[in-house]
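The residues making up each chain are set out below.
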Amino acid sequence: MSPTLFDPDVRVESDVTYLDPARAEKLDVYLPPADMPGPYPAVLLIHGGGWRILDKAQDREKNIGYTFAKAGYAVFSINYALNEITKDPVTGKIVSEKVVWPQNLFDCKTALRWIRRHASQYQVDGSRIATMGGSAGGHLATLVAATAKDEAMNRGGLYLEESNAVTCVLNFYGVTVPRDRWVACFRGATDAETEANMKACSPLTYLDDDFPPIFITHGSGDATVEVDYSREFVAELARRKLPYWYFEIGNAPHTYNLQPEHMDLRPLVLQFLKEQLAGR
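Read on for an overview of the structure. (Residues numbered from 1 in each chain as written. Predicted model: local features only at pLDDT ≥ 70, side-chain atom pairs only at ≥ 80, totals over all residues. Heavy atoms only, no water.)

On to the overall build of the protein chain, then. Looking only at helices and strands, the protein chain has six helices and 10 strands in total. With respect to the principal axes defined by its C-alpha atoms, the protein chain has extents near 55 × 45 × 45 Å. Partitioning the intrachain contacts of the protein chain with sequence separation of at least 6 by distance along the chain shows that 76% fall at a separation of at least 24. Total accessible area computed for the protein chain in this model is approximately 11900 Å², and 50% of it derives from carbon and sulfur atoms. Positive and negative side-chain charges of the protein chain, numbering 29 and 36 respectively, have mean locations separated by a distance of 2 Å. (Helix = DSSP H or I, 4+ residues; strand = E, 2+ residues; numbered from the N terminus. Contact = heavy atoms within 4.5 Å. Areas by Shrake-Rupley, 256 points an atom, 1.4 Å probe, with all protein chains shown as cover. Lys, Arg positive; Asp, Glu negative; His and termini not counted. Charge placed at Lys NZ, Arg CZ, Asp CG, Glu CD.)

As structure tokens, this is what we get:
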């Protein structure tokens, strides 16, 4: 993975409270250089990690934060509620898991509304916000957009009077519609509850004609989240005639930033953002 594109002109604010102050999860802000006037389009960045691990300040998130801020976008990289897991000390396998769904989604939605609530503070244009994430974060970024009009999914969290609308989505190798081994991450107390959770956590449940443009990239060599997840989701978008950009990177593995070894994605991603956010 390419190193973080640190730029001293990008303004960074770390560990900002966006949830209840008692919550440990915070967000990091990346703002364009001071000589670049706002209001800025914004990107809500949601890290991956199987809804269980990792952090807002991974090298991948820093790479994205600095790159986008340098290009004129305000980036808000968040931590959110993660499943609590217990592993066997010998085998390392997960032996128990406390599922937090739908709190992980509610946290992402709270972050989106928090950005709008604090738009003037950060010189953000609240009408131009993208969601973005990789892997599990790609799933949540897509789901935030898909559930923008769903009353039940918009009741959780804070700042409920703010809009849940999303202008566009960027999904990097996401578990777009969780299934198979990912069911455990959303398991309920009963089979019926698990079935209901799997329906509720699927973007396909909410897709309609207003689903915003989405940028999807996936490596054909991904052994963690198979490329079929994205291929199937793209096929459904095409069937419904919904707008998307899809770039499959030959032999690329799971987890990459804007500069994977096989292909520099920056021109494509920045062009997508320009057309969807900056050009509005």
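We are not done yet, so read on.
As a further point, take the environment of Asp7. Mapped onto the fold, Asp7 is located in the segment before strand E1 (11-16). A C-alpha to C-alpha distance of 6.7 Å links Asp7 and Tyr66, two positions 59 residues apart in sequence. Discounting chain neighbours no more than four positions away, the residues touching Asp7 are Tyr66 and Lys70. Reaching out from Asp7, the side chain makes a polar contact with the side chain of Lys70 at a distance of 3.2 Å. (Polar contact = N/O pair within 3.5 Å; in protein donor to acceptor, adjacent residues only side chain to side chain.)

Next up on the list: the nonpolar core. In terms of nonpolar packing, the biggest core is built from 57 residues, with Phe76, Ile78 and Trp114 touching the most fellow members. Among residues more than four places away in sequence, those in contact with Phe76 are Leu27, Asp28, Val29, Ala42, Val43, Leu44, Leu45, Trp114, Ile115, Tyr122 and Val124. The next biggest cluster of nonpolar side chains, apart from the first, holds 26 residues, and it includes Val43, Ala69, Leu170 and Leu273. (Core = buried A, V, L, I, M, F, W, Y, C linked by side-chain atoms within 4.5 Å. Buried < 20%, exposed > 50% of the residue type's maximum accessible area, 1.4 Å probe, protein only.)

Now for the packing of helix H2 (residues 103-117) against helix H3 (residues 136-146). Across the interface, H2 lies against H3 with an axial gap of 10 Å and an inter-helix angle of 65 degrees. One way to sum up the angle between H2 and H3 is to call them roughly perpendicular. Where H2 crosses over H3, the handedness of that crossing is right-handed. Two secondary-structure elements touch here, H2 through Asn104, Leu105, Cys108, Lys109 and Leu112 and H3 through Leu140, Leu143 and Val144. (Axes fitted to C-alpha atoms, helices over the stretch in contact; angles between N-to-C directions. Parallel < 35°, antiparallel > 145°, perpendicular 65-115°, else oblique. Left-handed = near helix turned anticlockwise from the far one by under 90°.)

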